Amino acid sequence: MIEERLSIDEQDDELFERFNITADRGQAPLRVDKFLVDHTSGISRNRIQMAADAGLVRANGQPVASNYKVKPLDVIQVLVDREPMDYSIVPENIPLNIVYEDHDLLVINKPAGLVVHPGVGNVHGTLLNALAWYFSHSATPLDMNDPNIGLVHRIDKDTSGLLLIAKTPEAKTNLALQFYEHTTQRTYNALVWGTFAEEYGTVVGALARDNRDRTIYRVWDPEDNPAAKHAVTHWRVLERFPYCTLVECRLETGRTHQIRVHMKHIGHPLFCDDKYGGKEILKGLPTQKYRQFIHNCFELCPRQALHAKTLGFTHPTTGEEMFFDSPLAQDLQDLLQKWRHYTT
């Protein structure tokens, strides 16, 4: 029996789990829901049946009903929400920038510095605390402790931009499937160190945690680290500066820190990205004037220069194609203006 436990998307390890299980050669015919209960930990048969009803249980890449009989060497996949956290999300009056809302979903423009999801060291002051407050005062209150609603994906604390929130279980299941199948449209704007000879390109590199520092990720050869997850980032130049470049990054896959790691991997760390080496003077002149200019830039935008700019998906109820485009956060706008006025 081969079992692999994978997560759905960038920064989403705490939101969803995907199990890949390859049946043995001698596997006797067995209902897929019973098979998954026997070969996964902590997933009830009811949750598996709900996943099957939503098309999230697959045999050899095809959705199957919960009564599907598993055969030898079948590759079985299931996508499920993680179990509820062991602490409650307390409503906190934190302002939200709501771009769009209807009965099924919310699109929010998150500021840099706001943690999305409670975790170790960040139990309070998160986006979910803000949502709990917002929904507790709405005409149709929602409980953000309910794992069947809420975040569909995540972005880093110090990344600004668009986030999608599901308000119903049906919407969350539908939207999660879109992220899982990579049918959503997401682009980010990033200011990176260095200049490019080309106008566009693609980075392909499997990602997993760095063995020496478990808080960061790196590109691996899959033969050296079978846990590394396939990742693809498409980039194109938006604006050129003397020692930096503004690029648009389009995610074909979504992995934790994907853009930050891929840009570093090709020699272009994000400007002011402390975790991935971007908060050092990597390009430019060896003069005091230039060092002061960069220091002022770091003060102006003291976080990785990354913004989740666009978000496109199919509405889970109406089937309408939805697309949102958010303006760059003010600190990034100020940073770019400073570079536009740079003189040697």
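This section reports on the structure supplied with the text.

Procedures and definitions
Residues numbered from 1 in each chain as written. Predicted model: local features only at pLDDT ≥ 70, side-chain atom pairs only at ≥ 80, totals over all residues. Heavy atoms only, no water. Axes fitted to C-alpha atoms, helices over the stretch in contact; angles between N-to-C directions. Helix = DSSP H or I, 4+ residues; strand = E, 2+ residues; numbered from the N terminus. Parallel < 35°, antiparallel > 145°, perpendicular 65-115°, else oblique. Left-handed = near helix turned anticlockwise from the far one by under 90°. Contact = heavy atoms within 4.5 Å. Nonpolar A, V, L, I, M, F, W, Y, C, P; charged D, E, K, R; others polar. Buried < 20%, exposed > 50% of the residue type's maximum accessible area, 1.4 Å probe, protein only. Polar contact = N/O pair within 3.5 Å; in protein donor to acceptor, adjacent residues only side chain to side chain.

### Brief notes about the packing of helix H6 (residues 288–300) against helix H7 (residues 330–340)
The N-to-C vectors of H6 and H7 enclose an angle of 165°; their axes lie 9 Å apart at closest approach. As far as their axial angle goes, H7 and H6 are roughly antiparallel. In the packing of H6 onto H7, the handedness of the crossing is right-handed. Taken together, the residues of H7 that come into contact with H6 (itself represented by Tyr 290, Phe 293, Ile 294, Asn 296, Cys 297 and Leu 300) are Asp 331, Asp 334, Leu 335, Lys 338 and Trp 339. Broken down by class, the residue content of the contact of H6 with H7 amounts to seven nonpolar, one polar and three charged.

### Quick notes on helix H3 (residues 127–136)
Of all the 10 residues making up H3, seven are buried; the element is thus mostly covered by neighbouring parts of the structure. Leu 127, Leu 128, Asn 129, Ala 130, Leu 131, Ala 132 and Phe 135 are the residues of H3 that are buried. Buried residues belonging to H3 abut strand E8 (98–101), strand E9 (105–110), strand E10 (150–151) and strand E11 (160–166). One side-chain oxygen at the N-terminal end of H3 lies 3.3 Å from the backbone nitrogen of Leu 128; it belongs to Thr 126.

### Considerations on unusual backbone geometry
In this structure, Asn 60 takes a positive phi of about 55° despite not being glycine. Turning to its location among the elements, Asn 60 is positioned in the loop between strand E4 (57–59) and strand E5 (62–63). Although it is not a glycine, His 182 sits at a positive phi angle of roughly 60°. Inspection of the secondary structure puts His 182 in the loop between helix H4 (169–180) and strand E12 (185–193). Given the relative accessible area of 35%, His 182 is considered partly exposed.

From the geometry alone we can't say anything about function, so treat these as descriptive.
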